[in-house]
Amino acid sequence: MKVKFTISVLLNAVIVSFIANSYILIKHMPQVLFVIIPILLIVNFFAGSFISNIKNRKLSICQHGTILLYAFYISLIFSLVYQISFAVKNIPNDYMTVIWNVVFCIIVNDIVFWDGIICVYTTSIQLGLNLRIIGILCGMIPIVNLIALFFILKTTTLECIFETKKAQINTERKDKQICATKYPILMVHGVFFRDSNFFNYWGRIPKELESNGAKVFYGNHPSAASVTDSAAELKKRIVEILAETNSDKINIIAHSKGGLDCRYAISKLGISDSVASLTTINTPHKGCLFADYLLNIVSANVKNKVANTYNSTLKKFGETNSDFLAAVTDLTDSRCKQLDAEMDTPEGVYCQSVGSILTRAGHGKFPLNFSYHLVKFFSGNNDGLVDEQSFKWGEKYTLLTPPGKRGISHGDMIDLNRENIRGFDVREFYVDLVSDLKERGF
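Residues numbered from 1 in each chain as written. Predicted model: local features only at pLDDT ≥ 70, side-chain atom pairs only at ≥ 80, totals over all residues. Heavy atoms only, no water.

Chemist: I keep staring at the packing of aromatic side chains and nothing clicks. Help me out?
Modeler: The description of an aromatic ring pair rests on the distance of the ring centres and on the angle between the ring planes. Counted according to the given criterion, the structure contains 17 aromatic pairs. Geometrically, the ring pair formed by Y201 and W202 is edge-to-face, given 5.5 Å between the ring centres and 75° between the ring planes. Of the two residues examined, Y201 and W202, each falls in the buried class. Centre to centre, the rings of W202 and Y430 are 6.1 Å apart; their planes meet at 80°, and the pair counts as edge-to-face. One end of the pair, W202, is in the loop between strand 1 (185-188) and helix 8 (205-211); the other, Y430, is in helix 16 (residues 426-439), and 228 residues separate them in sequence. The class for W202 is buried, based on a relative accessible area of 0%. Taking the relative accessible area as the measure of exposure, Y430 reaches 0% and is therefore buried. Taken together, the ring pairs connect F193, Y201, W202, F424, F429 and Y430 into an aromatic cluster. Directly above the ring of Y121 sits R132, whose terminal nitrogen or CZ lies 5.9 Å from the centroid. Just above the ring of F199 sits the side chain of R418; from NZ or CZ to the centre is 4.3 Å. (Phe/Tyr/Trp six-rings, centres within 6.5 Å; stacked < 30°, edge-to-face > 60°. Buried < 20%, exposed > 50% of the residue type's maximum accessible area, 1.4 Å probe, protein only. Helix = DSSP H or I, 4+ residues; strand = E, 2+ residues; numbered from the N terminus. Lys NZ or Arg CZ within 6 Å of the ring centre and 35° of its normal.)

Chemist: It is not clear to me how the state of the cysteines should be interpreted in this structure. Could you clarify?
Modeler: Simply put, disulfide is the name for a covalent bond between the sulfur atoms of two cysteines. For the coordinates displayed, the defined rule picks out 0 disulfides. Here C62 stays free of any disulfide, with the sulfur of C160 as its closest cysteine sulfur at 4.1 Å. Of all cysteine sulfurs in the structure, the one in C262 sits closest to C351, which takes part in no disulfide; the separation is 11 Å. (Disulfide = S-S within 2.5 Å.)

Chemist: Sorry, what's going on with the pairing of strand 4 (residues 275-281) here?
Modeler: The two faces of a sheet get side chains in turn, since along a regular strand they alternate between them. Burial of strand 4 is extensive: 7 of the 7 residues sit out of reach of the surface. Bridge count for strand 3 (residues 250-255) against strand 4 is 6 bridges, and the pairing is parallel. Within the sheet, the bridge partner assigned to N251 lies in strand 4 and is S277. One crossover worth recording links strand 3 to the parallel strand 4 by way of helix 10 (residues 257-268), and it is right-handed. Strand direction decides the pairing type here: strand 4 and strand 5 (residues 350-356), joined by 5 bridges, are parallel. If you follow T279 over to strand 5, its bridge partner there is Q352. (Pairing = 2+ DSSP bridges. Right-handed = clockwise from strand over helix to strand, strands pointing away.)

Chemist: Sorry, what's going on with the pattern of salt bridges here?
Modeler: Side-chain pairing between opposite charges can occur once the charged atoms of the two side chains come close. Applying the stated criterion across every chain, the model contains 17 salt bridges. When the shortest N-O distance is used, the salt bridge between D261 and K257 registers 2.9 Å. Linking D261 with K257, this pair stays in helix 10, spanning 4 residues, or about one helical turn. Owing to a relative accessible area of 3%, K257 belongs among the buried residues under this scheme. For D436, the salt bridge goes to R440, with nearest N and O atoms at 2.8 Å. For D436, a relative accessible area of 21% translates into the label partly exposed. (Salt bridge = Lys/Arg side-chain N within 4 Å of Asp/Glu carboxyl O.)

Chemist: Would you take a moment to explain unusual backbone geometry for this structure?
Modeler: What is expected of a backbone is that most residues other than glycine have negative phi and most peptide bonds are trans. In the Ramachandran plot, Q177 falls in the positive-phi region, its phi being about 45° despite a non-glycine side chain. For Q177, the location among the structural elements is in the loop between helix 7 (144-172) and strand 1. Of note, D415 is a non-glycine position whose phi angle comes to about 55°, a positive value. Looking at the secondary structure, you find D415 in the loop between strand 6 (396-400) and helix 16.

Chemist: How should I be thinking about the side chain of N212 in this particular structure?
Modeler: Along the chain, N212 falls in the loop between helix 8 and strand 2 (216-218). A polar atom in the side chain of N212 sits 2.9 Å from the backbone oxygen of E208. Among all residues touching N212, those that are not within four sequence positions of it are N170, R173, Q177, I178, C179, A180 and V431. (Polar contact = N/O pair within 3.5 Å; in protein donor to acceptor, adjacent residues only side chain to side chain. Contact = heavy atoms within 4.5 Å.)

Chemist: What exactly am I supposed to notice about the nonpolar core here?
Modeler: It is characteristic of soluble globular proteins that their nonpolar side chains tend to be buried jointly. The biggest cluster of nonpolar side chains holds 36 residues, and the ones touching the most others in it are L186, I250 and I252. Residue assignment for this core shows that the elements contributing at least two residues are strand 1, helix 9 (227-245), strand 3, helix 10, strand 4, helix 12 (300-316), helix 13 (324-329) and helix 14 (333-342). With 6 residues, the top contributor of residues to this core is helix 9. In this structure, I250 is in contact with Y183, P184, L186, I238, I241, L242, S274, V275, A276 and S277, ignoring residues within four places of it in sequence. (Core = buried A, V, L, I, M, F, W, Y, C linked by side-chain atoms within 4.5 Å.)

Chemist: How do you make sense of a nonpolar patch on the surface when you look at a structure like this?
Modeler: Together, I91, Y95, M96, I99, W100, V103, I107 and I111 line one region of the surface with nonpolar side chains, adding up to about 740 Å² of accessible area. Tracing the backbone shows M96 in helix 5 (residues 95-123). You can call M96 partly exposed: its relative accessible area is 40%. (Patch = residues over 30% accessible without salt bridge, like charges linked within 9 Å, V, L, I, M, F, W, Y side chains within 5 Å. Areas by Shrake-Rupley, 256 points an atom, 1.4 Å probe, with all protein chains shown as cover.)

Chemist: Would you explain the sheet that holds strand 4 in this entry?
Modeler: Adjacent strands of a sheet form backbone hydrogen bonds with each other and so pair up, either parallel or antiparallel. The strand order across the open sheet formed by 6 strands is 2-1-3-4-5-6, and the pairing between neighbours is parallel. Among the strands making up the open sheet, the edge pair consists of strand 2 and strand 6. Here the strands of the sheet are splayed against their neighbours by 20° on average, with no regard to which way each runs. The strands touched by helix 10 are strand 1, strand 3 and strand 4; relative to strand 3, the strand with the most contacts, the crossing angle is about 140°. Sheet strands touched by helix 16: strand 1, strand 3, strand 4, strand 5 and strand 6. Its angle to strand 5, the strand with the most contacts, is close to 165°. (Axes fitted to C-alpha atoms, helices over the stretch in contact; angles between N-to-C directions.)

In structure tokens, the structure reads:
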């Protein structure tokens, strides 16, 4: 992949560099235009198309745009050297030729640049809002714009190589269906989020699981409610899924407060016989001390205003049973410890937990970059929201700490920002997790 990518970049760079600086050739042989124009069109439409058979259209377009931007970058350097040399030799004797030579060069390079930049801006996931804004703001500043373009290219190149490799891996193992578990998968969200058709709480994870054979369902429970109320909703949802799939049991993967909701439903609401396994992801089994702190320092008036605003807003979106304060209260250290003591580990249900550590607040994204410091002050190492001591539960516990200073945040564990983290492939982590459930007979 890398070799083909490099060859494609160099090939297209040579073609663009030649065309951009071919004005003198065209001036003496106008018929050359009938060759140059089709070649330029081919480059702008098909650059990089031979590298790999990418079925993901967005990724294919992003790769196309990345190669065009490399071609522009290299052509720009070559063109500067050539145009300066040509100008020195021909000014002032033939300054009009120099001018038209420069104009033609700029037009060709601009065509390639705008094709490339539009492609990556509209399709890249990893580019993010920050780099896009920086690219726009620096676009008209000489030298600075090339530096910005360098970082854009670095980001999209890594994205193309990484995503292409993932696609190839999934293609090679497609027939194995390594995530085709005996029982369907129910993915349960945490607090202050809803399952939506427009923005998946779990990012790119469900699609990755489904491409490897998993049958994925969602909780569809309230975004903010007490543990007991959420558990009741989840019990109804589990009954629906079992009826829909004609299955005897279900595997549950629950994030954050969702883990507490599911534990309560299994332990207290009599559905343990319908659950094969429960995997909690970054769940505050022992609570969050900083939640107690926030509830104590904020006045009752402010708390009620925030709660009423949240509940009324969600009601407009069709969620009539939101209870902001109940949800937050059930995340406090005192309440979670009470619930933990009340909820027995169910017999016959495979229970495991996963946690992660964020080592730099800045990588937590807002508001986790802020809450990280609060949690660290009260409880030590954390994921930006939940401390390390609160994750552990069940017969198997996994603590994720990737190499380097990056760490893994509470949001990273559900692919919230769709970010490819060096040293931690969140999608592959879930594939391995579900594959393990399959091997265990679930």
